[in-house]
Amino acid sequence: LLMVFGCVSALAEETVKLTLWTFQELHLQLYKDQLEKYNAQTTGPKLDIDMQVYPYEDLHSKLTIALQTGEIDICLEVPAIEAPNIADYEGVELVQQPSSKLLYMAMNMGEKGPAFFKDERVRKALNYATNRDDIIIAMTEGYASPSQGCIAPSMFGHDPDVFTYEYDLEKAKSLLKEAGYDENNKLRIEFIYKGGVMAGFYEILQAQWALANIDLV
């Protein structure tokens, strides 16, 4: 969820006009229901919110421009990839706190998925061939941290002692060789994404995995 608010009128007025941006159209009805309940119960100024939906990949550039120009006043959940730029904006304060968001690549383990994902050695090799620290530096300049499992530290159920793969290129190559893949028979993986942040993620991952004789296409 990404919500961006632009205050248009002063709080002293009877109605406060706001603009809300989100990339999830399914959430709009929830927002509208909550807005109606709030306005019916509040003893203070009522809210008039202009709710707008933008494709996820378009929000980053729009957010950056809006903060630079002063079009918006508050942004909740700033994308980590934009944090380095936003931190340098004059008159903008960037407040950091633990996030529940995870950036990951899911493997198709279904019946129609590629056979090589059924091989545990291949799955392990992909993890060992991934340099998460380099991805974080390249994409966010350090405004993120390597995940420990699939549950973020800010969420119930997080286990700080869960096993975590460390970058080990030679181990990745060794596991792939055991599974029948090497420089003469490279593992070819199709990566499906919608653009935006994932486009940058794909390019970095493609370069890293190429070192382990993996063609990411």
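Keep in mind the model is a prediction, meaning the values are calculated, not measured.

Let's shift gears to the environment of Tyr89. Among the structural elements, Tyr89 can be located in the loop between helix H3 (83-86) and helix H4 (120-128). Spatially, the C-alpha atom of Tyr89 lies 9.6 Å from that of Thr64, the residues being 25 residues apart in sequence. Excluding residues that lie within four positions of it along the chain, Tyr89 makes contacts with Thr64, Leu67 and Gln68.

Let us look at the packing of aromatic side chains. Within a pair of aromatic rings, the relevant descriptors are the distance that separates the centres and the angle that separates the planes. Summed over the entire model, instances satisfying the criterion amount to eight aromatic pairs. Pairing Phe191 with Tyr193 gives two aromatic rings, centres 5.6 Å apart and planes at 50°, and the pair type is tilted. The exposure class assigned to Tyr193 is partly exposed, which follows from its relative accessible area of 34%. An aromatic cluster of at least three residues, connected via ring pairs, comprises Phe191, Tyr193, Phe201 and Tyr202.

To continue, consider the packing of H4 against helix H6 (residues 169-178). Interaxial distance between H4 and H6 falls to 8 Å at its minimum, and their mutual angle equals 160°. If you check the angle between H4 and H6, you find them roughly antiparallel. Two packed elements cross with a definite hand, and for H4 against H6 that hand is left-handed. For the pair formed by H4 and H6, the contact residues are Arg121, Val122, Lys124, Ala125 and Tyr128 on the first element and Leu169, Lys171, Ala172, Leu175, Leu176 and Glu178 on the second. Of the residues assigned to the contact of H4 with H6, the class counts are seven nonpolar, no polar and four charged.

On to the environment of Phe117, then. Structurally, the position occupied by Phe117 is in the loop between H3 and H4. Here Phe117 falls in the buried class, since its relative accessible area comes to 5%. The spatial distance from the C-alpha of Phe117 to the C-alpha of Met107 is 7.0 Å, given a sequence separation of 10 residues. Excluding residues within four positions of it along the chain, Phe117 makes contact with Met107, Asn108, Met109, Arg123, Leu126 and Ile189.

Residues with a pLDDT of 70 or more make up 92% of the protein, whose mean pLDDT is 85. Note on residues 1-12: pLDDT is under 50 here. Beyond four places in sequence and across chains, it has 49 contacts.

Bringing unusual backbone geometry into the picture now. Even without being a glycine, Glu141 presents a positive backbone phi close to 55°. Within the fold, Glu141 resides in the loop between helix H5 (132-140) and H6. Phi at Asn213 takes a positive value of approximately 65°, unusual for a residue other than glycine. Considering the arrangement of structural elements, one finds Asn213 in the loop between helix H7 (197-210) and strand E6 (214-216). Classification of Asn213 as buried rests on a relative accessible area of 14%.

This paragraph deals with the side chain of Asn131. Relative to the helices and strands, Asn131 is located in the loop between H4 and H5. There is a polar contact of 3.3 Å between the side chain of Asn131 and the backbone nitrogen of Asp133.

This next bit is on the pairing of strand E2 (residues 15-22). Across the eight residues that make up E2, a large majority, six, are buried. Looking at chain direction, E2 and strand E3 (residues 46-53) are connected through eight bridges and run parallel. Each residue of the ladder has a partner; that of Val16, found in E3, is Leu47. Running through helix H1 (residues 28-41), the crossover from E2 to the neighbouring parallel element E3 is right-handed.

Here the focus is the pattern of salt bridges. Scanning the model with the defined rule gives two salt bridges in all. When the shortest N-O distance is used, the salt bridge between Arg121 and Asp119 registers 2.9 Å. Relative accessible area serves as the criterion here: at 32%, Arg121 is assigned to the partly exposed category. The salt bridge partner of Glu120 is Lys124, with a shortest N-O separation of 3.2 Å. Of this pair, Glu120 and Lys124 both sit in helix H4, four residues apart, which is roughly one turn of that helix. A relative accessible area of 30% means that Lys124 is categorised as partly exposed.

The rules behind the values
- Residues numbered from 1 in each chain as written.
- Predicted model: local features only at pLDDT ≥ 70, side-chain atom pairs only at ≥ 80, totals over all residues.
- Heavy atoms only, no water.
- Helix = DSSP H or I, 4+ residues; strand = E, 2+ residues; numbered from the N terminus.
- Contact = heavy atoms within 4.5 Å.
- Phe/Tyr/Trp six-rings, centres within 6.5 Å; stacked < 30°, edge-to-face > 60°.
- Buried < 20%, exposed > 50% of the residue type's maximum accessible area, 1.4 Å probe, protein only.
- Axes fitted to C-alpha atoms, helices over the stretch in contact; angles between N-to-C directions.
- Parallel < 35°, antiparallel > 145°, perpendicular 65-115°, else oblique.
- Left-handed = near helix turned anticlockwise from the far one by under 90°.
- Nonpolar A, V, L, I, M, F, W, Y, C, P; charged D, E, K, R; others polar.
- pLDDT = per-residue confidence, 0-100.
- Polar contact = N/O pair within 3.5 Å; in protein donor to acceptor, adjacent residues only side chain to side chain.
- Pairing = 2+ DSSP bridges.
- Right-handed = clockwise from strand over helix to strand, strands pointing away.
- Salt bridge = Lys/Arg side-chain N within 4 Å of Asp/Glu carboxyl O.

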